[in-house]
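If you want the building blocks of each chain, they are given just below.
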Amino acid sequence: MRTMYLANYFVAGCIAFSLLAWVASTSPMAAKAIAFLAAAVFILWCLCWLLDFSVSGWLKISVQNLQALLLAGLAMVAIGAGVFLCS
């Protein structure tokens, strides 16, 4: 059951990042705003990797689950970047 929820979140994240990439490809101003958003998300992602024990305690999940979520986030961003580059 938990795997199904994680798969649903992954698909929803892929759709969201693909939509953001498509919006970024339609307007230069939107591209700048989404690039800023992507930079902020990247910084938070890196901090979560560096402080994984602290963040997992704060979120009350195991370190293994946090790392799985971070890897899924990386895959979602990669799919979004692929849509941005291909459109």
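Above this note sits the structure.
Residues numbered from 1 in each chain as written. Predicted model: local features only at pLDDT ≥ 70, side-chain atom pairs only at ≥ 80, totals over all residues. Heavy atoms only, no water.

**Student:** Describe the overall build of the protein chain, naming the residues involved and giving the relevant values.
**Tutor:** Of the regular secondary structure elements, the protein chain holds 4 helices and 0 strands. From first element to last, N terminus to C terminus, the protein chain shows the α and β order α-α-α-α. Once the C-alpha set of the protein chain is aligned to its principal axes, its extents read approximately 40 × 30 × 15 Å. Relative to its 87 residues, the protein chain shows a buried fraction of 17%. Sequence separation of at least 24 residues holds for 51% of the intrachain contacts in the protein chain that already meet a minimum separation of 6. Summed over its atoms, the accessible surface of the protein chain is roughly 6400 Å², and 79% of this surface lies on carbon and sulfur atoms. (Helix = DSSP H or I, 4+ residues; strand = E, 2+ residues; numbered from the N terminus. Buried < 20%, exposed > 50% of the residue type's maximum accessible area, 1.4 Å probe, protein only. Contact = heavy atoms within 4.5 Å. Areas by Shrake-Rupley, 256 points an atom, 1.4 Å probe, with all protein chains shown as cover.)

**Student:** Hey, could you go over helix α2 (residues 28–50) for me, with residue numbers and the actual values?
**Tutor:** Three or four residues apart is the spacing at which side chains of an α-helix point the same way, because the helix has 3.6 residues per turn. Across its 23 residues, α2 extends 33 Å between first and last C-alpha, which sits within 8% of the 33 Å expected from 1.5 Å per residue. For α2, the N-terminal capping position is held by Ser27, with its side-chain oxygen 3.3 Å away from the main-chain nitrogen of Met29. (Expected span 1.5 Å × (residues − 1). Polar contact = N/O pair within 3.5 Å; in protein donor to acceptor, adjacent residues only side chain to side chain.)

**Student:** Any details on the side chain of Ser56? Residues and values, ideally.
**Tutor:** Tracing the sequence through the fold places Ser56 in helix α3 (residues 52–59). Its relative accessible area of 6% is what places Ser56 among the buried residues. Here Ser56 is in contact with Ile61, Ser62, Val63 and Leu66, once residues within four sequence places are set aside.

**Student:** A description of α3 should follow, citing residues and the corresponding values.
**Tutor:** Taken as a whole, α3 has its buried residues at Asp52, Val55 and Ser56. Angularly, the buried residues of α3 cover 100° about the axis, an arc narrow enough to put them on a single face. In α3, those exposed residues whose orientation departs by more than 90 degrees from the buried face are Phe53, Ser54 and Trp58. In this structure, the buried residues of α3 make contact with α2 and α4 (63–86). At the C-terminal side of α3, Lys60 shows a positive phi close to 60°. (Arc of directions from axis to C-beta.)

**Student:** Quick rundown of the side chain of Asp52? Include the residues and the values.
**Tutor:** Topologically, Asp52 is positioned in helix α3. The class of Asp52 is buried, set by a relative accessible area of 10%. Setting aside its immediate chain neighbours within four residues, Asp52 contacts Val63, Leu66 and Gln67.

**Student:** An account of unusual backbone geometry is requested, with residue identities and associated values reported.
**Tutor:** Even without being glycine, Lys60 reaches a positive phi, approximately 60°. Relative to the assigned elements, Lys60 resides in the loop between α3 and α4.

Any functional reading would require information beyond the geometric quantities listed.
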